[in-house]
Amino acid sequence: MSILAYNGGAVVAMKGQDCVAIATDKRYGIQAQTVSTNFPKVFQMGPSLFVGLPGLATDTQTVFQRLKFRMNLYELKENRMMKPKTFSAMLSNLLYERRFGPYFIEPVIAGLDPYTNEPYVCNMDLIGCPNEPEDFVVSGTCSEQLYGMCEALWEPNLKPDELFETISQALVNAADRDAISGWGAVVYIVEKDKITEKHVKTRMD
Amino acid sequence: MKVYEDKLMKISDNLLMGVNGDTGDIAQFSQFISKNLKLYSVRNGYQLDTKAAVHFTRTNMADILRKGNPYVLNLLLAGYDEKEGGQLYTMDFLASCVRLPFAAHGFGGLMSVSILNHYYKPNLTEVEAYEIIKLCVKEIHRRLFMNLPNFGVKTVSKDGVKTLPTISQASFVGK
């Protein structure tokens, strides 16, 4: 059984018009048994920067702590906010440092550039190879289902409300077809001047 | 070998750790955590609250996990502090830690979680909680292939750690 499928989980992020959205499921389980239904895998790293860390739960927590440490140090030293692209490079480096004993997570980054407000999404494999597409990124145990849903539903230049609908439907329907993802979802819509957090219901099983 | 082993360790005045795993690891790890928490309180003049103590425990477990000789322990951490009240955290042997209203580890735990899920309410009294645990133990005695005769019970509250009567085979006589 794959280590990346030990705890289960799913994260998806999409670009919209002057906004990004990122969504995660809330299940924490140990193989078939569900332990908690309140374990979101997306963390806010800055005023408009979010990172999703699906995969092995212990590494989700460890990498979040290490990332927070490095980001805080950067922002203290440089005295400015970190750009999403730079954050992506930092996370890639963090993961590649462990090339031959990696952290078992496949992260997703979503944010707006703090100075130009340009939307940015990125995902990586467990050793930090970045992928910065123009549309959406997916990760987790139901990534195949997510790819299908996103490809079907996404279109460019969606407004924040439309983007919310699109990303919610993508995650909910993909997670409903995966036994080890789901038990509720959290969706964040990141715009220039506000962040909306919404909890969405999936199949609770 | 022994039916009266106390696996609920008092880690600090308001923190209890229930440990499941190798005996050596249990002793070593629980003492390591409790002595370090004591050291913090001696150095700084105040005790770490539950959340911080659990975070410390998790970080140490996660660091040792990738160092070639990890502790193979499943933990339940129960603590009380003024700010958050009573809290329960579960940590598995990989150092994934979650806060939960109720939790269980092991084969007996697999049976117990469904019972706990059904009977749990957020504002249970100590007596009601004890009765629910007794229900879990009853089921474990009936259905589990291993013989686990005695279950020690402790509570942690603003008055500190208190030991409740052990649940054993005799608790169910006449039922």
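Just above, that's the structure.
Just so it is clear, the structure is predicted and the values come from calculations on it, not from any experiment.

Asker: What is the right way to read the interface of chain B and chain A from this model?
Answerer: By a frequent convention, interface size equals the accessible area lost on bringing the separate parts together. Taken together, the contacts link 18 residues of chain B with 19 residues of chain A. When the two sides are added together, the surface that chain B and chain A hide from each other amounts to roughly 1300 Å², 46% of it contributed by carbon and sulfur. When the area that chain B buries against chain A is broken down by residue, the three leading residues are Arg58(B), Arg66(B) and Val98(B), summing to 39%. Linking chain B with chain A are two salt bridges. Between Arg66(B) and Asp59(A) there is a salt bridge, with the nearest N and O atoms lying 2.7 Å from each other. Our enumeration of links across chain B and chain A arrives at 11 residue pairs in polar contact (both at pLDDT 80 or more).

Asker: Looking at this structure, I do not really get helix H4 (residues 126–143) of chain B. What am I missing?
Answerer: All names here are of chain B. Under the 1.5 Å per step criterion, the end-to-end length of H4 is 26 Å for 18 residues, consistent within 8% with the ideal 26 Å. Inspection of H4 places Tyr130, Ile132, Lys134, Cys136, Val137 and Ile140 among the buried residues, and these make up the whole buried set. As for H4, its buried residues are in contact with helix H3 (106–119), strand E6 (151–157) and strand E7 (160–167).

Asker: Sorry if this is basic, but what is going on with the sheet that holds strand E7 (residues 108–112) of chain A here?
Answerer: The strands making up a sheet associate through hydrogen bonds between their backbones, and the pairing can be parallel or antiparallel. Residues and elements named next belong to chain A. Pairing is antiparallel in the open sheet, where five strands are placed in the order E5-E6-E7-E8-E9. The sheet is open, and its two edges are formed by strand E5 (42–46) and strand E9 (130–131), each paired on a single side. Two strands pair when backbone bridges link them, and E7 and strand E8 (residues 119–124) are joined in this way by five bridges, in the antiparallel orientation. From the neighbouring strand, Ala110 faces E8, where its bridge partner is Val121. Where helix H1 (residues 57–78) meets the sheet, it contacts E5 and strand E6 (49–52), and its direction lies at approximately 5 degrees from that of E5.

Parameters at a glance
Counting from 1, residues in each chain are numbered in the order their sequence is written. Note on labels: chains are lettered from A, ligands numbered from 1, in written order. In keeping with the model being predicted, local features are shown solely for residues with a pLDDT of at least 70 and side-chain atom pairs are shown and tallied solely at 80 or more, while totals for entire chains, interfaces and linings include all residues. The side-chain values count all of the structure's non-hydrogen atoms but skip hydrogen atoms and water molecules. Contact definition: two residues touch when any of their heavy atoms are within 4.5 Å. By buried area we mean how much accessible surface two parts lose on assembly, using a 1.4 Å probe and totalling the loss over both. Definition used for salt bridges: Asp or Glu carboxyl oxygen within 4 Å of a side-chain nitrogen of Lys or Arg. Polar contact is defined as a pair of N or O atoms within 3.5 Å, subject to the rule that within protein one atom must be able to donate a hydrogen and the other to accept it, and that residues adjacent in sequence are counted only when both atoms are side-chain atoms. We count a stretch as a helix when DSSP gives it H or I for four or more residues in a row; a strand needs E for two or more, and each element gets its number in order from the N terminus. Multiply 1.5 Å by the residue count of a helix minus one, and that product is the helix's expected span. Three exposure classes are used, based on accessible area relative to the maximum for each residue type with a 1.4 Å probe and protein chains only: buried under 20%, partly exposed in between, and exposed over 50%. For two strands to be treated as a pair, DSSP must find no fewer than two bridges joining them. Axis lines are fitted through C-alpha atoms, for helices just across the contact stretch, and the angle between N-to-C directions can take any value from 0 to 180 degrees.

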